[in-house]
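Next come the chains, spelled out residue by residue.
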Amino acid sequence: MLRSFALGYERFCRVVLMIAVTHVAFLVHTLMGVVVIGLFPSISATYTTYRTWLLSEDRSWSIRETWIVFHRAWKDDLAGANRFGWPQALLWALLIFDYWVVNFHDAGKLGYASAGVLLIGIVFYGLFSSLSWALKANFDESGWWITRMTLQMVIARPLCSLCLTVLFILTVCSWMTWPGLIPAFGVALPVFFVMMVVSKLGKVPGMTRPGDEGESANDDSRLLMQATGTANK
């Protein structure tokens, strides 16, 4: 009993260490790219680091191993992540600005209704964004392909979509309630949970180790037909 507890506690501490190192690597590499160039590659590298960790036989990563995986992923996706991330960022800015205008300016009943619609849109877009980056880390495909695949996944995996939506809402609420979580763990912590949800409930080819796969054959075949054999990024 005591030995099992000790081993479980050690695994937990190693996971926390890996997340903390990923967060520090995120900050350093974002600054390396002067934020404008380094932000989205850092987001992509965070997802890729967790995917690599999930597929690893030995998940007892050292600080050096985590850093090397992150740095290589950041360099490899420097251009692609910016092409993928900036259009998303512009849409985020538009949604948030529109929500601010209709929610904090007196526009009557129509304004309240518009704010409600925009809030739902923001939550859905949060689901879409988190899932799209997870799929980008898994498939070596174009941005349009990832976008189309993400929309299909949102519909085809309702439990996964529900969990990601709840996770997005909890993340935003936690950041607003305890702002200290942002400098402490940044996006590294929520992204870790996103990857855990997608790997367990998303049934995405190439996202889990062969021995851990529990998805049905029909779901596999449908996704594999659309994946074009590039789930080995």
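The structure displayed is predicted, hence computed values, not measured ones.

**What about the side chain of Thr150?**
Take Thr150: it is sitting in helix α6 (residues 143–156). Of the polar contacts made by the side chain of Thr150, one reaches the backbone oxygen of Ile146; its length is 2.6 Å. For Thr150, the residues in contact, after removing those within four places along its chain, are Phe128, Leu131, Ser132 and Leu135.

**Observations regarding the confidence of the model for the chain**
The predicted model of the chain has a mean per-residue pLDDT of 88, with 89% of residues at 70 or higher. Residue range residues 214–230 is modelled with pLDDT below 50. Its contacts to residues more than four positions away, or to other chains, number 25 contacts.

**As for helix α2 (residues 39–55)**
The end-to-end C-alpha distance of α2 is 25 Å, a good match for the 24 Å that 17 residues give at a rise of 1.5 Å each. Summarising burial for α2: 14 of the 17 residues are buried, a large majority.

**Some words on unusual backbone geometry**
Of note in the backbone geometry, Val34 takes a positive phi value of approximately 55° without being a glycine. In this fold, Val34 is placed in the loop between α1 (2–32) and α2. We note that Lys203 has phi near 55°; this positive angle belongs to a residue other than glycine.

**Side note on the packing of aromatic side chains**
Across all of its chains, the model carries twelve aromatic pairs by this definition. Their ring planes at 65° and their centres at 5.2 Å tell us that Phe139 and Trp145 sit as a pair that is edge-to-face. Clustering of aromatic rings is evident, with ring pairs tying together Phe40, Phe84, Trp86 and Trp133. One cation-aromatic arrangement involves Arg59 over Trp53; the distance from NZ or CZ to the ring centre is 5.0 Å. One residue, Lys136, lies across the ring of Phe84, its end atom 5.8 Å from the ring centre.

**Section: the nonpolar core**
Tyr47, Tyr50, Leu135, Leu164, Met195 and Val198 are the most contacted members of the largest nonpolar core, which has 43 residues in total. Those elements that provide at least two residues to this core are α1, α2, α3 (63–76), α4 (78–103), α5 (108–138), α6, α7 (158–177) and α9 (188–201). Residues contacting Leu135, with those up to four places away along its chain left out, are Ile146, Met149, Thr150, Met153 and Val204. Of all hydrophobic cores here, the second largest spans seven residues; its members include Leu95, Ala115, Tyr125 and Phe128.

**Points about α1**
Helix length check: α1, at 31 residues, gives a terminal C-alpha distance of 45 Å against a target of 45 Å (1.5 Å per residue), a fit within 8%. If you check which residues of α1 are buried, you get Val15, Met18, Ile19, Val21, Thr22, His23, Ala25, Phe26, His29 and Thr30. A positive backbone phi angle near 55° is found at Val34, which sits one or two residues after α1.

**A short note on the pattern of salt bridges**
Side-chain pairs of opposite charge can arise whenever the charged atoms involved come near each other. Throughout the structure, instances matching the rule amount to two salt bridges. The salt bridge partner of Glu10 is Arg14, with a shortest N-O separation of 3.4 Å. With Glu10 and Arg14 both in helix α1 and four residues apart, the pair spans about one turn of that helix. Arg14 gets classed as partly exposed once you look at its relative accessible area, which sits at 31%. Between Asp77 and Lys136 there is a salt bridge, with the nearest N and O atoms lying 2.5 Å from each other. You can see Asp77 sitting in the loop between α3 and α4 and its partner Lys136 sitting in helix α5, a full 59 residues away along the chain. Overall, Asp77 belongs to the buried group, its relative accessible area being 10%.

Basis of the calculations
Residues numbered from 1 in each chain as written. Predicted model: local features only at pLDDT ≥ 70, side-chain atom pairs only at ≥ 80, totals over all residues. Heavy atoms only, no water. Helix = DSSP H or I, 4+ residues; strand = E, 2+ residues; numbered from the N terminus. Polar contact = N/O pair within 3.5 Å; in protein donor to acceptor, adjacent residues only side chain to side chain. Contact = heavy atoms within 4.5 Å. pLDDT = per-residue confidence, 0-100. Expected span 1.5 Å × (residues − 1). Buried < 20%, exposed > 50% of the residue type's maximum accessible area, 1.4 Å probe, protein only. Phe/Tyr/Trp six-rings, centres within 6.5 Å; stacked < 30°, edge-to-face > 60°. Lys NZ or Arg CZ within 6 Å of the ring centre and 35° of its normal. Core = buried A, V, L, I, M, F, W, Y, C linked by side-chain atoms within 4.5 Å. Salt bridge = Lys/Arg side-chain N within 4 Å of Asp/Glu carboxyl O.

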